[in-house]
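Geometric and topological summary
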Amino acid sequence: MTTIEVFSDQERFVFAMDDFRINLHLSNKILLLKYVSEPPFGDSYHQLSIDGEEYEGYVWGCNFIFPFKHNFLICSWMSAPYERKTIIINLLTKKKYILPKYYHSFEVRDSSIEFIDTAGATLAVNDTKVLGYSEIVSLTT
C-alpha cells in the first residue's frame with residue numbers, strides 16, 4: 001500500500017494499479033483506495049473507503065481533487081462496471097452528487113472547479129453551488 005500525504009487543496013492526483021492510503025491533512029480525513037481491477041479499455045478502478053467506511057461503487061484511478069479544505073472529493077466513479085461518471089462527494093456527510101455526464105479533466109481555479117469534457121466544453125462550478133449541490137453557474141464551449 002502506498003501512503004500519500006495531501007497538504008494542499010489545489011493539487012490534482014492520479015492513483016493507479018495499487019492500493020493507496022490518502023491522508024487529507026486539512027480535513028483530517030483518511031481515504032483508502034483498494035485496487036480492484038483494470039478493464040481492457042481504461043484506467044484501474046478501486047473500492048473507496050472514507051474513514052474506514054466502504055463507499056458505494058468504484059472510483060477510477062485517473063484524476064482526483066480534494067477541494068475546499070479537503071472537505072470534498074471529485075473523481076471519476078461508476079456504480080457498477082463500466083459506466084464512467086464524474087462524482088462530487090462531500091467527505092463530511094458522505095453525500096454525493098453525480099454530474100449528468102462524464103468529465104475527463106477537472107481542477108481547482110480560485111473558488112470554483114473547472115470541468116472539461118472530452119469535446120473540450122468547460123463547466124465551472126462555484127464553491128457555494130457545490131456546497132449546496134445547486135444549479136451549475138456557467139457552461140461555455
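Structure: see above.
Description of the structure in this document. Note that the structure is predicted; figures quoted are calculated from it, not measured. Per chain, the residues get numbers from 1 upward, laid out in the order the sequence is written. With the structure being a predicted model, the display of local features is reserved for residues of pLDDT at least 70 and the display and counting of side-chain atom pairs for 80 or more, all residues being used for whole-chain, interface and lining totals. Heavy atoms throughout the structure, all of them, feed into the side-chain values; hydrogens and water do not.

**Some remarks on the overall build of the protein**
The helix count covers DSSP runs of H or I at least four residues long, the strand count covers runs of E at least two residues long, and both are numbered beginning at the N terminus. When its secondary structure is counted, the protein shows two helices and 14 strands. Only protein chains enter the calculation, and the probe is 1.4 Å; a residue is then buried if its accessible area is under 20% of its type maximum, exposed if over 50%, and partly exposed in between. Taking all 141 residues of the protein together, 44% fall into the buried category. Contact between two residues is taken to exist if any of their heavy atoms lie within 4.5 Å; hydrogens are not considered. Pairs at least 24 residues apart make up 33% of the contacts formed inside the protein by residues separated by at least 6 positions. Each accessible area value is a Shrake-Rupley result obtained with a 1.4 Å probe; residue values ignore everything except the protein chains displayed when judging cover. Accessible area for the protein stands at about 7,100 Å²; split by element, carbon and sulfur atoms hold 49% of it.

**Some remarks on the environment of Asp51**
Note that Asp51 resides in the loop between β5 (45-50) and β6 (53-54). The class of Asp51 is partly exposed, set by a relative accessible area of 38%. Between the C-alpha atoms of Asp51 and Asn23, which are 28 residues apart in sequence, the distance is 10.0 Å. Non-local contacts of Asp51, meaning those with residues more than four positions away in its chain, are made with Asn28, Lys29 and Ile30. N or O atoms within 3.5 Å of each other form a polar contact, as long as, within protein, one can give a hydrogen and the other can take it, and as long as residues adjacent in sequence are counted only when both atoms are side-chain atoms. At 2.8 Å, the side chain of Asp51 forms a polar contact with the side chain of Lys29.

**Examining the packing of aromatic side chains**
Within 6.5 Å between ring centres, the rings of Phe, Tyr and Trp (the latter by its six-membered ring) count as paired, and their orientation is classed by plane angle as stacked under 30 degrees, edge-to-face over 60, tilted in between. A full pass over the atoms with the stated rule returns ten aromatic pairs. When the ring of Phe13 is compared with that of Phe15, the centres are 5.7 Å apart and the planes differ by 10°; the resulting orientation is stacked. Residues Phe13 and Phe15 agree in their burial class; the two are buried. Centroid distance Phe15 to Phe64: 5.0 Å. Interplanar angle 70°. Geometry classified as edge-to-face.

**Comments concerning the environment of Ser49**
Topologically, Ser49 is positioned in strand β5. Each C-alpha atom, one on Ser49 and one on Leu31, is 5.6 Å from the other, the two residues being 18 residues apart in sequence. The contacts of Ser49, once residues within four sequence positions are left out, are Ile30, Leu31, Leu32, Glu54 and Tyr55.

**Overview of the nonpolar core**
Nonpolar core, defined: a set of buried Ala, Val, Leu, Ile, Met, Phe, Trp, Tyr and Cys residues in which side-chain atoms within 4.5 Å join the residues together. Grouped together as the largest cluster of nonpolar side chains are 21 residues, with contacts concentrated most on Phe15, Ile22, Leu31, Leu48, Phe64, Phe66 and Leu73. Breaking this core down by element, the ones donating at least two residues are β1 (2-6), β3 (20-24), β4 (29-37), β5, β7 (58-65), β8 (72-78) and β9 (85-90). Of all hydrophobic cores here, the second largest spans 13 residues; its members include Ile74, Ile88, Phe106 and Ile113.

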